[in-house]
Amino acid sequence: MTAAGLPSPFVNREVTLPLIVDDRGTLQVAAADVSKLLRTVGGRWLRLVEAGERGLDEDTVAALTIELAKLADRIDVACIAHSSGAP
């Protein structure tokens with residue numbers, strides 16, 4: 001969606017994640033899937049800019065892609081710390 005609430009002409013693919021509900025009803029998504037999704041979205045944006053897609057600001061796409069990658073990195077680091085027993 002665009003800021004005006006209209007469908008974006010640049011987003012034409014659906015993304016699915018496996019969703020699991022535990023016995024308490026809590027929704028679970030694998031962190032690796034989330035970090036992969038964040039990196040994939042950023043990569044797709046960059047490819048659109050490189051392909052000359054009109055209406056995309058290169059600096060904005062670059063900044064957003066960097067922030068998505070940082071978030072994915074934080075998720076990965078937290079998972080590594082959790083699995084290694086680090087506080």
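Up top is the structure.
The structure presented is a predicted model; accordingly, all values stated were derived computationally and were not measured.

Colleague: Looking at this structure, I do not really get the overall build of the chain. What am I missing?
Modeller: Each helix and strand in the chain was counted, giving two helices and two strands. When the elements of the chain are put in sequence order from the N terminus, they spell out β-β-α-α. Per-residue burial over the chain gives 14% buried out of 87 residues. Of the contacts made within the chain by residues no fewer than 6 positions apart, 43% connect residues no fewer than 24 positions apart. Within the structure as shown, the chain displays about 6900 Å² of accessible surface, and the carbon and sulfur contribution to it stands at 60%.

Colleague: Can you help me understand the pattern of salt bridges in this one?
Modeller: One side chain can pair with another of opposite charge once the charged atoms of both are near each other. Scanning the entire structure with this criterion turns up three salt bridges. Taking the shortest distance from any N to any O, the salt bridge between Arg39 and Asp73 comes out at 2.8 Å. Taken as a pair, Arg39 in helix α1 (residues 31-50) and Asp73 in helix α2 (residues 58-84) lie far apart in primary sequence, 34 residues in all. Note on Arg39: relative accessible area 35%, which makes it partly exposed. The partner of Glu67 in a salt bridge is Lys70, with the nearest N and O atoms 3.3 Å apart. Of this pair, Glu67 and Lys70 are both found in helix α2, three residues apart, which corresponds to roughly one turn of the helix. Classification of Glu67 as partly exposed rests on a relative accessible area of 43%. Judged by relative accessible area, Lys70 falls into the partly exposed class, the value being 40%.

Colleague: Can you walk me through a negative patch on the surface in this structure?
Modeller: A grouping of Glu50, Asp57, Glu58 and Asp59 is seen on the molecular surface, where their side chains present a negatively charged patch. Topologically, Asp57 is positioned in the loop between α1 and α2.

Colleague: How do you make sense of α2 when you look at a structure like this?
Modeller: One turn of the α-helix equals 3.6 residues, which is why residues spaced by three or four share an orientation. Taking 1.5 Å per residue, 27 residues should reach 39 Å; α2 reaches 39 Å between its end C-alpha atoms and fits that length. Looking at α2, one finds that the buried residues are Val61, Thr65, Leu68, Ala72 and Ile75. In this structure, the buried residues of α2 make contact with α1. Immediately beyond the C-terminal end of α2, within one or two residues, lies Gly85, with a positive phi of roughly 85°.

Definitions and limits used
Counting restarts for each chain, with residues numbered from 1 along the sequence as it is written. For this predicted model, a pLDDT threshold of at least 70 governs which residues receive local features, and a threshold of 80 or more governs which side-chain atom pairs are given and counted, while totals over whole chains, interfaces and linings are taken from all residues. Heavy atoms from the whole structure form the basis of all side-chain values; hydrogens and water molecules are not counted. Going along the chain from the N terminus, every DSSP run of H or I of four or more residues is numbered as a helix, and every run of E of two or more is numbered as a strand. The classification of residues rests on relative accessible area computed with a 1.4 Å probe and restricted to protein chains. Under 20% of the type maximum is buried, over 50% is exposed, and intermediate values are partly exposed. The criterion used for residue contact is that any of the two residues' heavy atoms lie within 4.5 Å. In short, Shrake-Rupley with a 1.4 Å probe defines the accessible areas, and a residue's cover is counted only from the protein chains shown. Salt bridges are counted wherever a side-chain nitrogen of Lys or Arg sits within 4 Å of a carboxyl oxygen of Asp or Glu. Surface patches are defined over residues having more than 30% relative accessible area and no salt bridge, joining like charges when they lie within 9 Å and nonpolar side chains (Val, Leu, Ile, Met, Phe, Trp, Tyr) when within 5 Å. Charge assignment: positive for Lys and Arg, negative for Asp and Glu; neither His nor the chain ends contribute. Charged side chains are reduced to one point each, which is NZ for Lys, CZ for Arg, CG for Asp and CD for Glu. Expected helix span is taken as 1.5 Å per residue step, with the number of steps being one fewer than the number of residues.

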